[in-house]
Protein chains: 4
Amino acid sequence: MLDQARGVYIVAQTPFQENGAIDLESVDSLTDFYFSHGANGLTVLGVAGEANKLTPAESLAVASRFIARARNKPVVVGVSNSSVAQMAELTGQVMDAGAAGVMIAPPGGLRTEQEVLSYFEAVFDRIGNVPTVLQDFPFSTGTWMSVPVIGQLIERHPQIQAVKEEDLPSITKITKLRALPGRRVAILTGNNAMFLPLEMGRGIDGPMAGFSHPEMLSQVYALYTAGRVDEAHAVFDRYLPLLSYENQSQWGVAVRKEIMKRRGAIKHAGMRRPGPKLDATDHAEIDLLLERLKRTLAEAG
Amino acid sequence: MLDQARGVYIVAQTPFQENGAIDLESVDSLTDFYFSHGANGLTVLGVAGEANKLTPAESLAVASRFIARARNKPVVVGVSNSSVAQMAELTGQVMDAGAAGVMIAPPGGLRTEQEVLSYFEAVFDRIGNVPTVLQDFPFSTGTWMSVPVIGQLIERHPQIQAVKEEDLPSITKITKLRALPGRRVAILTGNNAMFLPLEMGRGIDGPMAGFSHPEMLSQVYALYTAGRVDEAHAVFDRYLPLLSYENQSQWGVAVRKEIMKRRGAIKHAGMRRPGPKLDATDHAEIDLLLERLKRTLAEAG
Amino acid sequence: MLDQARGVYIVAQTPFQENGAIDLESVDSLTDFYFSHGANGLTVLGVAGEANKLTPAESLAVASRFIARARNKPVVVGVSNSSVAQMAELTGQVMDAGAAGVMIAPPGGLRTEQEVLSYFEAVFDRIGNVPTVLQDFPFSTGTWMSVPVIGQLIERHPQIQAVKEEDLPSITKITKLRALPGRRVAILTGNNAMFLPLEMGRGIDGPMAGFSHPEMLSQVYALYTAGRVDEAHAVFDRYLPLLSYENQSQWGVAVRKEIMKRRGAIKHAGMRRPGPKLDATDHAEIDLLLERLKRTLAEAG
Amino acid sequence: MLDQARGVYIVAQTPFQENGAIDLESVDSLTDFYFSHGANGLTVLGVAGEANKLTPAESLAVASRFIARARNKPVVVGVSNSSVAQMAELTGQVMDAGAAGVMIAPPGGLRTEQEVLSYFEAVFDRIGNVPTVLQDFPFSTGTWMSVPVIGQLIERHPQIQAVKEEDLPSITKITKLRALPGRRVAILTGNNAMFLPLEMGRGIDGPMAGFSHPEMLSQVYALYTAGRVDEAHAVFDRYLPLLSYENQSQWGVAVRKEIMKRRGAIKHAGMRRPGPKLDATDHAEIDLLLERLKRTLAEAG
């Protein structure tokens, strides 16, 4: 179950062909890439997965392909939608297809704790008993949830088995979430893992984040859980310049896809329109950062 | 074509059964109600039509039923969606079903004119040559479009044949829109028609608005276009207390549905969850306002 | 004390000269105008009073002049400021000058109940024991306060003696506020009094609102409190077209000042820059609405 | 003049005593600290300087003290204010006190290009001929300015001599700003210098940013301008974990002040209320990051 989730959940990109159609073959190669670089599970159809650019049929096709290729490794599917009815429909379909659970962030415009609570009451009435990751990403959604409200949601809805925490600062909020009384849920963190080793120190169960070099996430996780804190930081710091470069919202996703393509994980780097495109200067910066990373890793042995 | 649109386009409610399922029979009675009270056309699946609570299949079912029942009277279908792909899919389906055109508002988060222009380029590339009402409703969408940007959109995209103007103040913006050089588009106004006779004076082609008493909209429109300005104002003013009461966002929609039910236009008044519910105090206020309206109309003869 | 506040608190304009300087003589004539049309008190330096365009010295000069001219009638001074230190300074000065109390709205960007509570703790620690009107105007401030949070603020801070309620719908929130257990505070309502008779029915103690025809506010209040509900509505309805016209944000303030000038209450109608200006079309609309009002009042006798 | 600005402008903290009063002696020690670590100029009363918590008199006292202690090195003073009148007053005062210029960000709520242009017209009419840094920090202000609008502002207002660019991604926007035709302005970047070496590569004239270790900013700037790009990156990367830790909004400012205190630059670390406070866990993280930085620097020689 998701409340036992530990380790590295990679937030997956959605690969497109040059004409903008879904590239299902790249879903396979991408899945293999993630698992061969240490992923314990995947989260698909998130914000960085361009979920909000797909049709419902495409969403189901992409999620199903990831699930099939993951061969019983857990796949969490983002189903957030301004329409609860549409969310419920996709939830039923992906659970039937074998998803480990769904991830739900509140829509924008919920302005008081009561509105947040009412919203999730409507959601869980509708989707029923489905393992759920509650996503706390206020800078993207525009809806803020305090720690006490998250605590109330956990208490009311046994479906919530994990929280993806990506408010800022995440670190202080993790400490407060971990101190909540009652049922234990997994806490996984996002924000592109920009604070991963510190978040490990605050008590998370692992990252739920995207990065072109997922081996960093798995190494940091493994070292930290083995008590080798300083080495975990050292590995993290080597990748930080590139990680930070990818941490530039949707433009950063374009960068990540370009690097994933260079690494052979997907066939085409393009994002579906409307979305950013990289130019020659951007490519030169990526060259520079990758070259510097290569040297740094070589020096570290 | 929509650029010839004149008269009263009623923004239609979506009727639900008590269990939250779509009530297609009430779509029929509601359509009849609107046309028997002077509507020239309908706009369905708008914000007040709870469009964002439906599944794609439900959206298509509701729109198709309105279109069928309207018997060749024009029906505009709201297709705004954070996913352009999903918007395009629904657009194709409702145009096949006989819609007169679609209505599109930009999603939230477009922060510069360039972003607005890029967004609609992606939209029209995808949906093709479909008659479109551009909806300018910034307080709902969170995206602001200046008059020059709207002018550029009209110039670039011949698909835009009408503008639904509901920025505030609408009146001054209408004057500026009407003064735009170039191709003429229809200007229809929303904001629940709160400024209808003044907007007529500013040069609109009619209201595109919802109200439990659509006969007011059609009377005001008819009187004003016949040059009987003072009488148009007089009719409008009689209904204004109730109109203003219904002009309270989603809560006002709940009121409107209650009154529509009392008038026999739909079978159930409830909104789909999550949404507001009326209590006894609210009902008593509605009683009072309807009673006062009745007397006012009786006194006016 | 403000928790005994009853009746009509007019939200006052700030008059400027043609060159944008403060017009203190018009403060006198405006004060006289308000009180001669039935005001029980004034609220100065509110949003509609262009408070955020003044220097601290100007704020004090304007508030002091209103207070002096009001001759012991209560004047509440808006002191909301992103700087608590600046708010505290002005609070001390206007209380010394004889203000009945201050009005405070939270700044934008308070996103959780805890943040709202912390903010007001800092405020009241700083300003001390000053009678305060808590302003709940989320569409202007961007900060939402639920009824339970307002209840907690009242419980924690005896300084809060009144709430100016202008969330939407105001009517349902008033009912919930009135039902709060504990210490009674006055509830006065804003939103330009657009729902005044209904709000009276929900239990408010009076309007705290601006209007070019304050005699409407005082008549409606007097009739309603005398149990003459139907007459209160009738008076209200006669003015509603003009009231609604003035209820168009800062543009509506420009209209109101123009009408106040025509009525002799202030010498110049202009707003301080940056702000809206009226053109010939706008003036013609005002002519029309005033002419219609005159006739309506004449017909009513 | 500011359009010749080159090098490192440190965004200064505002030091407070334990009781929340301004600590002017620490202004002196802080100024000395910045200049002894390579600053070419200072920017005071910015967002990270808690400017919005001061009274006007405090703002002037703080700015004057920095200016006096800087002994003719340039000091830019943040004067952004929702009141243009108040901004103009402070501007006059600090220019009299010897400021090199002022920094102005638009207030929130300017929603179209026309509104941005009108706002700055009102501003410059009022403040006159004062050298100005235009601050483009939309995630803080809530007002977005596209490159063409910034270009128009530069063209219309010769007072704008520099742009502080902190939109995200900053790098691509810098490239577009640098490509603007017309008068050259300095481009300095913020965002806590999170992308400094890449921004140097995009053509900026230096950072305008805060950091507890300003020697990093000056070293990176010096190395990069000397053509030693790779070394510039290497220095930057060593400090990046700490830089990123301080890049957590107002909470990051609390961290920065704590480290500045440890380094002897200021006497007390506290922020004025309402604001974040650090606890034992936070302090332990700071210990860890500083210890790691020390070792990294030692290894690098």
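Under an unreviewed UniProt entry, chain A has the name L-2-keto-3-deoxyarabonate dehydratase and belongs to Achromobacter animicus. Check the Sequence similarities (unreviewed entry) section of the UniProt entry for chain A; it says "Belongs to the DapA family."

With six residues of chain A at the contact, the number on the chain C side is six residues. Both faces combined, the contact of chain A with chain C buries some 660 Å², and carbon together with sulfur accounts for 67% of it. Of all residues in chain A, A:Arg111, A:Glu113 and A:Trp144 give up the largest surface area on contact with chain C, accounting jointly for 70% of the area buried on that side. Counting across the interface, chain A meets chain C through zero salt bridges.

Further remarks concern the packing of helix α2 (residues 56–70) of chain C against helix α3 (residues 84–96) of chain C. Residues and elements named next belong to chain C. The geometry of α2 relative to α3 is characterised by a closest axis approach of 10 Å and an angle of 30° between their N-to-C directions. Taken together, the axes of α2 and α3 are roughly parallel relative to one another. As α2 packs across α3, the resulting crossing turns out to be right-handed. Contact with α2, carried on its side by Pro56, Ser59, Leu60, Ala63 and Ile67, involves Gln86, Leu90, Gln93 and Val94 of α3 and no other residues of that element. Residue classes in the contact of α2 with α3 are distributed as six nonpolar, three polar and no charged.

As a further point, take the packing of helix α3 (residues 84–96) of chain D against helix α4 (residues 113–127) of chain D. Residues and elements named next belong to chain D. It is the contact of α3 with α4, at a shortest axis distance of 9 Å, that shows an interaxial angle of 40°. Classified by the angle their axes make, α3 and α4 are oblique. Taken as a pair, α3 and α4 cross one another with a handedness that is right-handed. Contact residues: Val84, Ala85, Met87, Ala88 and Thr91 in α3; Tyr119, Ala122, Val123, Arg126 and Ile127 in α4.

Taken together, the contacts link 25 residues of chain A with 25 residues of chain D. By the criterion of area lost to chain D, the three top residues of chain A are A:Arg202, A:Gln248 and A:Arg292, representing 21% of everything that side buries. On the surface where chain A and chain D come into contact, there are ten salt bridges. The salt bridge partner of D:Asp237 is A:Arg292, with a shortest N-O separation of 3.0 Å. The interface formed by chain A and chain D includes ten residue pairs in polar contact (both at pLDDT 80 or more). Contributing elements (two or more residues each) for the side of chain A that touches chain D: α7 (170–178), α10 (229–246) and α12 (280–300) of chain A. Sort the elements by how many residues they give to the side of chain A that touches chain D and α10(A) lands first, with eight residues. Of the residues belonging to the side of chain A that touches chain D, the class tally is twelve nonpolar, six polar and seven charged.

What counts as what
Residues numbered from 1 in each chain as written. Chains lettered and ligands numbered in written order. Predicted model: local features only at pLDDT ≥ 70, side-chain atom pairs only at ≥ 80, totals over all residues. Heavy atoms only, no water. UniProt positions renumbered as here; feature names shortened; annotations may be inferred. Contact = heavy atoms within 4.5 Å. Buried area = accessible area lost by both parts, 1.4 Å probe. Salt bridge = Lys/Arg side-chain N within 4 Å of Asp/Glu carboxyl O. Axes fitted to C-alpha atoms, helices over the stretch in contact; angles between N-to-C directions. Helix = DSSP H or I, 4+ residues; strand = E, 2+ residues; numbered from the N terminus. Parallel < 35°, antiparallel > 145°, perpendicular 65-115°, else oblique. Left-handed = near helix turned anticlockwise from the far one by under 90°. Nonpolar A, V, L, I, M, F, W, Y, C, P; charged D, E, K, R; others polar. Polar contact = N/O pair within 3.5 Å; in protein donor to acceptor, adjacent residues only side chain to side chain.

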